[in-house]
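# Examining the three-dimensional arrangement
Spelled out, the chains give:
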Amino acid sequence: MRPGPAVIWGGLFAAFLLQAQVSGRIPGAENRPEFLLAFLLVLAVFSPGSPPVAPAFAAGLLEGVLCGLYTGAFIVSRIVAAVAASHVADRFNLSLPVMLLVSLIACTTAHLTFLLVSSTADIGWWLKVTGRQILLTTLLAGLLYPLVARTARASGPSLGRL
């Protein structure tokens, strides 16, 4: 099952708007949900074996624009997260618990990649912030999963995996 292009790009735009709304209003970076990353992880789960690289690039670019810094690190980390989620999800039959596990793994991979690619030197701050963001993003992806599952359409080898 794969979501159609309207769901992919419309959902990415909606996630961007939601993230733009909360990015400056919620104090503390560790309390801000990552709508773009959560939506990207849900898309990647529905693309087993073929990660959504173009939406991952767009999500990283949009997140870099919102942040104003580290655009390259956001792009690379989002592409790595999409590849990780797609390949881990390929090994399981899709369900909500599997989605949460895949999201946790891919989100952790995205944050580690971001740390390695960006020039952030304060690892203590990064560890404090990233733990809560990983949990928030995983829960948000779990909430988005049923919505995207309803719009997914049958396609090729992943038919019947829900």
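The structure we're discussing is the one just above.
Residues numbered from 1 in each chain as written. Predicted model: local features only at pLDDT ≥ 70, side-chain atom pairs only at ≥ 80, totals over all residues. Heavy atoms only, no water.

Turning our attention to the overall build of the chain. The helix and strand inventory of the chain stands at 6 helices and 0 strands. Reading the helices (α) and strands (β) of the chain from amino to carboxyl end gives α-α-α-α-α-α. Buried residues in the chain amount to 47% of all 162 residues. Contacts in the chain between residues at least 24 apart in sequence constitute 74% of all its contacts with a sequence separation of at least 6. A total of about 7700 Å² of accessible surface is found on the chain, and carbon and sulfur atoms cover 71% of it. (Helix = DSSP H or I, 4+ residues; strand = E, 2+ residues; numbered from the N terminus. Buried < 20%, exposed > 50% of the residue type's maximum accessible area, 1.4 Å probe, protein only. Contact = heavy atoms within 4.5 Å. Areas by Shrake-Rupley, 256 points an atom, 1.4 Å probe, with all protein chains shown as cover.)

In contact at an axis separation of 9 Å, helix α5 (residues 96-117) and helix α6 (residues 123-151) are set at 150° when each is read in the N-to-C sense. Considering the angle they form, α5 stands roughly antiparallel to α6. Of the two possible hands of crossing, α5 and α6 adopt the one that is right-handed. Here L96, M99, L100, S103, L104, C107, T108, H111, L112, F114 and L115 of α5 lie close against α6, whose contacting residues are I123, W126, T130, Q133, I134, L135, T137, T138, A141, G142 and Y145. (Axes fitted to C-alpha atoms, helices over the stretch in contact; angles between N-to-C directions. Parallel < 35°, antiparallel > 145°, perpendicular 65-115°, else oblique. Left-handed = near helix turned anticlockwise from the far one by under 90°.)

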